[in-house]
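One letter stands for each residue in the lines below.
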Amino acid sequence: MTRGQVRATMRRMRAHNEEAEEETGELNLVPYMDIVTNIIIFLLASVVNQIPLGNVNVTIPTLSQGGGPAENEDPEKPEAPPLNLTITVGGSGFTLAASGGVLPPIPKLPNGGYDFKGLTAKLVEIKNDPNNNAQGETKANFNADATIPYQTVVETLDAMREDEKGKMLFPDVSFAAGIL
Amino acid sequence: MAAESISRLQGKKAIRSFARKLAEPETIKDLNITPMMDMMTIILVFLLKSFSSETATIKFDESLKVPSSVTQLKVKAALGVTITKNVILVEGDAVAPVNNGKVDPTVKRDGENGYYITPLVDILEKHARKEKKVAEMTGSKFDAELMVVADHGTPYRLITEILYSCGQAGYQNYRLLVLRSRE
């Protein structure tokens, strides 16, 4: 046996081996992966830019034809009058009114800002007063002076929604009673 | 040629050792990227899904900065009415111009002190009719909901005028879009 013969055999074996490898070879996925990586980076970048948005739900009072008084299930116990709480934001502070009458206004703070904490405290007081029968009441009307900016409106709605401990106060706000 | 020839045994030995070398598990030539690609495809599908479910595609700029609030309610899709410093838009289409926080009195039915913004009511009535028809056909209920996106400096008077006009077109429930802040 010559060295040449040995080399020729080895060459044949290597060629055979490579052929077998090519037959079972995988698809070239590298270009596909490049595309996918690019799309992921693009999507991730656009997701990061999203701003946390939220909702504040309000309604407006609706007029409808009354269907007559509802039948009182317990004639002995007269229905409690609705609280009909109205909060008005004026140039000098908040004014609160309910079916019982108008409450003393909550003036602005010395620094010129509105006293949202004072408003929340007052609403907690109203909600917890047993004379008001407001334990289950969640509705309130909202009104404001024509020039009050929207930011103040939203902050007032925040102050009306819940107290500092997260207990619901008056989240069902109806805008501008009397405009419809 | 004596130097060229080797014994048969030596030749066989050399071939066998070469065959063994070929059969051996080779050193890693290139990485197997298939599992990584599986993973990436899953991430891609997930991101595309979360991307498409994001409903609010509003362009915020100098004339539209929404107020911040501590509300925890998430945004839900509804017909969008946008109030910027310069214009009122319904679903991205300009409806009426705004100047210094006031709508031009010529587009109001009752003049300067009126609440009824005629073009806004007209376009919302069209949308309401369409939504009612869809609700009727699908057997669902027309929820009369609007998403109101307003600039933080919009005066309350303009807000009430717009909400009044929306009410005239049959929309009574509003979702005010705000920026959620932790405090």
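In this text the structure is predicted, and so the values were computed from the model without any measurement.

Draft legend 1. Geometry of the overall build of chain A. A count of helices and strands for chain A gives four helices and seven strands. When its helices and strands are written in sequence order, chain A yields α-α-β-β-β-β-β-α-β-α-β. The buried share among the 180 residues of chain A stands at 22%. Taking contacts inside chain A between residues at least 6 apart in sequence as the whole, the part at least 24 apart equals 59%.

Draft legend 2. Up close: the overall build of chain B. Check the secondary structure of chain B and you find four helices and seven strands. For chain B, the sequential pattern of α-helices and β-strands runs α-α-β-β-β-β-β-α-β-α-β. A buried classification covers 26% of the 183 residues belonging to chain B. The contacts in chain B between residues at least 6 apart in sequence include a share of 67% that link residues at least 24 apart.

Draft legend 3. Looking closely at the packing of helix α3 (residues 118-138) of chain B against helix α4 (residues 156-168) of chain B. Residue and element names in this part refer to chain B. Here α3 crosses α4 at 40°, and the two axes come no closer than 8 Å. Overall, the two elements α3 and α4 adopt an arrangement that is oblique. Handedness of the crossing formed by α3 with α4: right-handed. Taken together, the residues of α4 that come into contact with α3 (itself represented by Leu-120, Val-121 and Leu-124) are Ile-162, Ser-165, Cys-166 and Gln-168. Along the lines of polarity and charge, the residues of the contact of α3 with α4 split into five nonpolar, two polar and no charged.

Draft legend 4. Here's a closer look at the interface of chain A and chain B. With 47 residues of chain A in contact, the opposing surface of chain B contributes 55 residues. Among the secondary structure elements, those contributing two or more residues to the side of chain A that touches chain B are α1 (3-23), α2 (30-48), β1 (53-59) and α4 (150-161) of chain A. Of the residues contributing to the side of chain A that touches chain B, the split by class is 29 nonpolar, 14 polar and four charged. Of the pairings in the sheet, the one linking β1(A) to strand β7 (residues 173-180) of chain B comprises seven bridges and is antiparallel in character. Bridged to Asn55(A) within β7(B) is Leu177(B).

Draft legend 5. Quick peek at the environment of Lys108(A). Residue and element names in this part refer to chain A. One can find Lys-108 in the loop between β5 (106-107) and α3 (116-128). Along the backbone, Lys-108 and Gly-93 are 15 residues apart, and their C-alpha atoms lie at a distance of 4.9 Å. In this view, Lys-108 contacts Ser-92, Gly-93, Gly-113, Tyr-114 and Asp-115; residues no more than four positions away in its chain are not counted.

Draft legend 6. Expanded view of the nonpolar core. Counting residues in hydrophobic clusters, the biggest one holds 62 residues, and the most contacted among them are Met160(A), Leu120(B), Val148(B) and Ile162(B). For this core, the element with the most residues is α4(B), which contributes seven residues. Look past the residues within four positions of Ile162(B) in its chain and what remains in contact with it is Val81(B), Ile83(B), Ile88(B), Ile117(B) and Leu120(B).

Draft legend 7. Looking closely at the confidence of the model for chain A. Counting all residues, the mean pLDDT for chain A is 79, and 81% of those residues have values of 70 or more. The least confident element of chain A is strand β4 (residues 101-102) of chain A, whose mean pLDDT is 78; the most confident is α4(A), at 90.

Draft legend 8. How the structure looks around the pairing of β7(B). Residues and elements named next belong to chain B. Of the strand pairs in this sheet, strand β1 (residues 68-69) and β7 are connected by two bridges, and their pairing is parallel. Looking across to β7, one finds that Ser-68 is bridged to Leu-179. Note that strand β6 (residues 145-150) and β7 share four bridges and pair parallel. Bridging across to β7, Leu-146 finds its partner in Tyr-174. Since β6 and β7 lie parallel, the crossover through α4 that links them has a hand, and here it is right-handed.

Draft legend 9. Quick look at α4(A). Between the first and last C-alpha of α4(A) there are 16 Å, a value that for 12 residues agrees with the 16 Å anticipated at 1.5 Å per step. Where α4(A) is concerned, the buried positions are Tyr150(A), Thr152(A), Val153(A), Val154(A), Glu155(A), Thr156(A), Leu157(A), Asp158(A), Ala159(A), Met160(A) and Arg161(A).

Draft legend 10. Up close: unusual backbone geometry. All names here are of chain B. A positive phi angle is found at Glu-91, which is not glycine, with a value near 50°. Within the secondary structure, Glu-91 sits in the loop between β3 (87-90) and β4 (93-99). Exposure remark for Glu-91: the 13 C-beta atoms within 10 Å place this residue in the partly exposed category. With a phi angle near 55°, Ala-144 is a residue other than glycine that sits in the positive phi range.

Draft legend 11. Fine view of the confidence of the model for chain B. Per-residue pLDDT for chain B averages 84, and the proportion of residues at 70 or more is 90%. Averaged over each element, pLDDT in chain B is lowest for helix α2 (residues 34-53) of chain B (82) and highest for α3(B) (92).

Draft legend 12. Summary view of α3(A). Residues and elements named next belong to chain A. When the terminal C-alpha atoms of α3 are compared, their 18 Å separation across 13 residues agrees well with the 18 Å that a helix rising 1.5 Å per residue should span. Leu-119, Leu-123, Ile-126 and Lys-127 are the residues of α3 that are buried. Down the axis of α3, the sector holding all buried residues measures 95°, keeping them to one side. For α3, the exposed residues set more than 90 degrees away from the buried face come down to Glu-125 and Asn-128. Lining the buried residues of α3 we find β3 (93-98), β5 and α4.

The rules we used
- Residues numbered from 1 in each chain as written.
- Chains lettered and ligands numbered in written order.
- Predicted model: local features only at pLDDT ≥ 70, side-chain atom pairs only at ≥ 80, totals over all residues.
- Helix = DSSP H or I, 4+ residues; strand = E, 2+ residues; numbered from the N terminus.
- Buried ≥ 20, exposed ≤ 12 C-beta atoms within 10 Å, placed from the backbone.
- Contact = placed C-beta atoms within 7 Å.
- Axes fitted to C-alpha atoms, helices over the stretch in contact; angles between N-to-C directions.
- Parallel < 35°, antiparallel > 145°, perpendicular 65-115°, else oblique.
- Left-handed = near helix turned anticlockwise from the far one by under 90°.
- Nonpolar A, V, L, I, M, F, W, Y, C, P; charged D, E, K, R; others polar.
- Pairing = 2+ DSSP bridges.
- Core = buried A, V, L, I, M, F, W, Y, C linked by C-beta atoms within 7 Å.
- pLDDT = per-residue confidence, 0-100.
- Right-handed = clockwise from strand over helix to strand, strands pointing away.
- Expected span 1.5 Å × (residues − 1).
- Arc of directions from axis to C-beta.

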